[in-house]
Structure formats: C-alpha cells, structure tokens
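# Structural characterization, general
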Amino acid sequence: MAVCISVIAKENYPLYIRSVPTQSELKFHYTVHTSLDVVEEKISAAGKAMADQRELYLGLLYPTEDYKVYGYVTNSKVKFVIVVDSSNTSLRDNEIRSMFRKLHNSFTDVMCNPFYNPGDPVQSKAFDSMVSGMMVQVS
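Presented here is an overview of the structure given in this document.

The rules behind the values
- Residues numbered from 1 in each chain as written.
- Predicted model: local features only at pLDDT ≥ 70, side-chain atom pairs only at ≥ 80, totals over all residues.
- Heavy atoms only, no water.
- Buried < 20%, exposed > 50% of the residue type's maximum accessible area, 1.4 Å probe, protein only.
- Helix = DSSP H or I, 4+ residues; strand = E, 2+ residues; numbered from the N terminus.
- Arc of directions from axis to C-beta.
- Contact = heavy atoms within 4.5 Å.
- Polar contact = N/O pair within 3.5 Å; in protein donor to acceptor, adjacent residues only side chain to side chain.
- 1 Å grid on protein atoms, 1.4 Å probe; cavity = no way out; pocket = protein on both sides within 12 Å on 5 of 7 lines; lining within 4 Å.
- Points joined across faces, edges and corners; volume = space filled by probe spheres on them.
- Nonpolar A, V, L, I, M, F, W, Y, C, P; charged D, E, K, R; others polar.
- Pairing = 2+ DSSP bridges.
- Axes fitted to C-alpha atoms, helices over the stretch in contact; angles between N-to-C directions.

## Remarks on helix H3 (residues 125–134)
For H3, the full list of buried residues reads Phe 127, Met 130, Val 131 and Met 134. Summarising the axial view, the buried residues of H3 lie within an arc of 100°, below the 170-degree limit, and thus occupy one face. For H3, the elements touching its buried residues are strand S1 (2–8), strand S2 (14–19), strand S5 (79–85) and helix H2 (93–111). The opening residue of H3 is Ser 124, an N-cap whose side-chain oxygen sits 3.4 Å from the backbone nitrogen of Ala 126.

Encoded structure:
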C-alpha cells in the first residue's frame, strides 16, 4: 500500500497530497516534487517516440533506499504520484496500475462536480476516503 499519494496540477503545483505517517509529511513533499523532473523527462521522451498515442502510466520513476516512487499522467497533464514503501515486495506493477486507475476515476468524479473550480486544491470527502483506503494503515 501507499505511504504518500499526490495529485499535481499541469503547472506543477500540488492539488492534493496525503501521507502516512504525518510526521514525515515534509519529506514526502520533497520526494513528490523531486519526482516531477523525472515525470517531465518521461513525458517528453514519450512525446518524441509517439505523436499522440501514449501510455498514461509512467511506471517506476525512481527508487530510494526507503521508498519507490511511481508516476501517472492524465491527458490534461495532471500528474499522480504514489510513493510506496520499498520493504513491500509483494506489490506488483499491475496492482500499482489499478491504484492509479482508481485514483484517476475518483479525480474525474471530482472534476465533474459543477462546484469544483479546476486548479483549486481537492477537498472532496469522497476522494479523501478513497485515498485513505489506498494508504498504509500505521498503528
């Protein structure tokens, strides 16, 4: 399960960041923002390879000693970043893809809300509860 889930706007500012445990929140903010450089590299490399048909899932962006950082980008250039604990070896690539699919579908529901202004921070209770279900439960 994830230890940090974030949604980054097209202009690279955070729309939503949630991490467990909350004591490490600043470290996860740093990890997410440093991963944006890798996301931009992968997007530009995929743009050169294929004109308009591209994979939304970017895969493993980079591993650190403690965490693995995965990325996903939507057609509207909104980026999702999930940080997973490195000690969790049972988590496979297709499970990470399904986590991103759930996150994307829930974010689409937020965007379809007529009272949500695109570019504002995400404050949906339904989105928050879905993310909470994907997070590691730390006791």
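## A short note on empty space enclosed by the protein
One pass over the structure, following the stated rule, counts 1 cavity of 30 Å³ or more. Approximately 30 Å³ is the volume found for the largest cavity. As for the largest cavity, its lining consists of Lys 68, Tyr 70, Val 84, Asp 85, Asn 88 and Leu 91. Among the secondary structure elements, those contributing two or more residues to the lining of the largest cavity are strand S4 (67–73) and S5. Taken together, the residues of the lining of the largest cavity sort by class into 3 nonpolar, 1 polar and 2 charged.

## A word on the sheet that holds S4
Pairing within the open sheet is antiparallel, and its 5 strands lie in the order S2-S1-S5-S4-S3. Two strands in the sheet have a free side with no partner beyond their single neighbour: S2 and strand S3 (57–63). Mean inter-strand twist for the sheet, computed between neighbouring axes without regard to direction, equals 15°. Here S4 pairs with S5 via 7 bridges, running antiparallel.

No statement about biological role is implied by the geometric values presented.
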